[in-house]
Amino acid sequence: MPADPPAPRQLPTGTVTFLFTDIEGSTSLLTELGPEAYAAALADHRRCIRDACTANGGVEVDTQGDAFFFAFATAPGALAAASAFTELLATDGPIRVRVGVHTGAPLVGPEGYVGHDVHRAARIAAAGHGGQVLVSAATAQLVDGDLTDL
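Presented here is a report on the structure given in the accompanying data block.

Across the sheet, 5 strands lie side by side as E2-E3-E1-E4-E7; this open sheet has mixed pairing. Every other strand in the sheet has two partners, leaving strand E2 (59–64) and strand E7 (133–135) as the edge strands with one partner each. Strand-to-strand twist across the sheet, computed as the mean angle between neighbouring axes with direction ignored, equals 15°. Sheet topology places E2 next to strand E3 (residues 67–72); 5 bridges connect them, and they run antiparallel. Paired with Glu60 across the strands is Phe70, a residue of E3.

Summed over all chains, the structure comprises 6 salt bridges. Among the salt bridges present, the one from Arg96 reaches Glu24, with a minimum N-O distance of 3.5 Å. Taken together, the positions of Arg96 in the loop between helix H3 (75–91) and strand E4 (97–104) and Glu24 in the loop between strand E1 (16–23) and helix H1 (26–33) put the pair 72 residues apart, joining distant regions of the chain. Taken together, the salt bridges that share partners define one network made up of Asp44, Arg47 and Asp51.

With that out of the way, let us pick up the packing of H1 against helix H2 (residues 35–55). Contact pair H1 / H2: the axes reach a minimum separation of 6 Å and the direction vectors enclose 125°. Here H2 runs oblique to H1, going by the angle between their axes. Here H1 runs over H2; the crossing is right-handed. Facing Ser26, Leu29, Leu30 and Leu33 of H1, the residues of H2 in contact are Pro35, Ala37, Tyr38 and Ala41. In terms of residue class, the contact of H1 with H2 is built from 7 nonpolar, 1 polar and no charged.

We now examine the layout of surface pockets. Size it by volume and the largest pocket reaches roughly 320 Å³. In this structure, the largest pocket is lined by 18 residues; those nearest its centre are Phe20, Asp62, Gln64, Ala67 and Phe69. Those elements giving two or more residues to the lining of the largest pocket turn out to be E1, E2, E3, strand E6 (112–114) and helix H4 (116–126). The class makeup of the residues in the lining of the largest pocket is 9 nonpolar, 4 polar and 5 charged.

A word on H3. Here H3 is 17 residues long and its end C-alpha atoms lie 25 Å apart, about the 24 Å a rise of 1.5 Å per residue gives. Within the span of H3, buried status applies to Ala75, Gly77, Ala78, Leu79, Ala81, Ala82, Phe85, Thr86 and Leu89. Against E1, H2, E3, E4, E7 and helix H5 (137–140) lie the buried residues of H3. You can read the cap of H3 off the contacts: a side-chain oxygen lies 3.1 Å from the backbone nitrogen of Gly77, and it is on Thr74.

Reading the values: the criteria
- Residues numbered from 1 in each chain as written.
- Predicted model: local features only at pLDDT ≥ 70, side-chain atom pairs only at ≥ 80, totals over all residues.
- Heavy atoms only, no water.
- Pairing = 2+ DSSP bridges.
- Helix = DSSP H or I, 4+ residues; strand = E, 2+ residues; numbered from the N terminus.
- Axes fitted to C-alpha atoms, helices over the stretch in contact; angles between N-to-C directions.
- Salt bridge = Lys/Arg side-chain N within 4 Å of Asp/Glu carboxyl O.
- Parallel < 35°, antiparallel > 145°, perpendicular 65-115°, else oblique.
- Left-handed = near helix turned anticlockwise from the far one by under 90°.
- Contact = heavy atoms within 4.5 Å.
- Nonpolar A, V, L, I, M, F, W, Y, C, P; charged D, E, K, R; others polar.
- 1 Å grid on protein atoms, 1.4 Å probe; cavity = no way out; pocket = protein on both sides within 12 Å on 5 of 7 lines; lining within 4 Å.
- Points joined across faces, edges and corners; volume = space filled by probe spheres on them.
- Expected span 1.5 Å × (residues − 1).
- Buried < 20%, exposed > 50% of the residue type's maximum accessible area, 1.4 Å probe, protein only.
- Polar contact = N/O pair within 3.5 Å; in protein donor to acceptor, adjacent residues only side chain to side chain.

So this is what it looks like as structure tokens:
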């Protein structure tokens, strides 16, 4: 008998800003630190990202390994969260996180978001390096501030 789908979350709808994270060099870092130290660093990393995203209006959509997927009702909220956790992680341990942020209008299906915007946000994160927050042009148009064009 197949399992029931997970309970629905209150996902933002309409124009949504997606934030994806991934740890740069996680396998090498695990080897370098050893399992116990890596587990402790990973727990701090997860707490830091969850706290910053939640404090800025983010909804956790999914996790996989050491990666996160959050959705925000606003682009400034997503960038404020990314700024908060990347600054803290840069000074608080060995983990370097790459972040991708993209804004679009996805379909919300029974199990979550569906559409090119989800894929685009994930690909943007994958293109980054640890410590970088890469932002799509769609998101950049929605925020005030100093962004560096790469």
